[in-house]
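Structural features, examined
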Amino acid sequence: MKSTTQISQFGVQFWVDINGQNEQFWEHEWSTHGTCYSTLKTSCLPSGSAKGAEAVAFFQTVVKLFKTLPTYDWLSAAGITPSTSKTYTLTTLTSALKSASGVTPALNCDGSNLNAIEWYFNLKGSVIDGTFVAIDAPSKGSCGSSGIKYPPKTGSTATTTTTSVSISMMLDMFCGC
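So, how was this worked out
- Residues numbered from 1 in each chain as written.
- Predicted model: local features only at pLDDT ≥ 70, side-chain atom pairs only at ≥ 80, totals over all residues.
- Heavy atoms only, no water.
- Disulfide = S-S within 2.5 Å.
- Helix = DSSP H or I, 4+ residues; strand = E, 2+ residues; numbered from the N terminus.
- Buried < 20%, exposed > 50% of the residue type's maximum accessible area, 1.4 Å probe, protein only.
- Core = buried A, V, L, I, M, F, W, Y, C linked by side-chain atoms within 4.5 Å.
- Axes fitted to C-alpha atoms, helices over the stretch in contact; angles between N-to-C directions.
- Parallel < 35°, antiparallel > 145°, perpendicular 65-115°, else oblique.
- Contact = heavy atoms within 4.5 Å.
- Nonpolar A, V, L, I, M, F, W, Y, C, P; charged D, E, K, R; others polar.
- Phe/Tyr/Trp six-rings, centres within 6.5 Å; stacked < 30°, edge-to-face > 60°.

Here's the deal with the state of the cysteines
Applying the stated criterion to the full structure yields one disulfide. In this model Cys109 forms its disulfide with Cys143; the gap between the sulfur atoms is 2.0 Å. The S-S bond linking Cys109 to Cys143 shows a torsion near 95°; that makes this disulfide right-handed. One end of the pair, Cys109, is in strand S2 (residues 106–110); the other, Cys143, is in the loop between strand S4 (131–135) and strand S5 (148–149), with 34 residues separating them in the sequence. The exposure class of Cys143 is buried, given its relative accessible area of 0%.

Considerations on the nonpolar core
Of all hydrophobic cores here, the largest spans 24 residues; its most connected members are Leu75, Leu107, Leu114 and Trp119. Only helix H4 (71–77), helix H5 (90–101), S2 and strand S3 (113–124) provide two or more residues apiece to this core. Membership of the second largest hydrophobic core comes to five residues, among which are Phe25, Trp26, Phe58 and Val62.

Thoughts on the packing of helix H2 (residues 22–32) against helix H3 (residues 53–67)
The angle between the axes and the distance between the axes are what describe a pair of packed helices. At a minimum axis distance of 11 Å, the contact between H2 and H3 shows a crossing angle of 105°. Regarding the angle of H2 to H3, the classification is roughly perpendicular. Across from Trp26, Glu29 and Trp30 in H2, the residues of H3 making contact are Glu54, Ala55, Phe58 and Phe59. Residues of the contact of H2 with H3, tallied by class, amount to five nonpolar, no polar and two charged.

Comments concerning the packing of aromatic side chains
The tally for this structure, following the rule as stated, stands at three aromatic pairs. Here Trp74 and Trp119 contribute two aromatic rings whose centre-to-centre distance is 5.8 Å and whose plane-to-plane angle is 75°, an arrangement assigned as edge-to-face. With a gap of 45 residues between them, Trp74 in helix H4 and Trp119 in strand S3 connect regions that are remote in the sequence. Given a relative accessible area of 17%, Trp74 falls into the buried group. The buried category is assigned to Trp119, whose relative accessible area is 2%.

Nothing here speaks to function; it is geometry throughout.
Here it is in structure tokens:
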């Protein structure tokens, strides 16, 4: 089991907010997505579990799934890299990601800027020890069909391999949130 320090270190490097507001972003992820799983209720955890163990279990799962989705690397391998001026079509972006992952994520934009890539899963079993099966997104997201910018990261001192795109694991589609 990963420690909260290891989870935090991973999150600070890879699972960052588009505007550098990481703490607020993680709080949103927990309150919006993590709190709805019945298998994360404290009554479902082993007796004697530490206070907050359900949040740790949620973030451990998210980190584990995140590591299976090297989205930046997949886009980069297809010649798609962050730029302040270059634009892409939705088909170019989704085709590169589907080719690498086998499924199509949803791409969301803020205006013409790509700001979130959402991956969807079906879950067989518990969030803690179940099997996650990647599936095609139920919708294409909010990006238009062309003129999509993939901007460099702003708002933090992130490395060049961290972009402004939030990679979301849309686990809530089957837990009733």
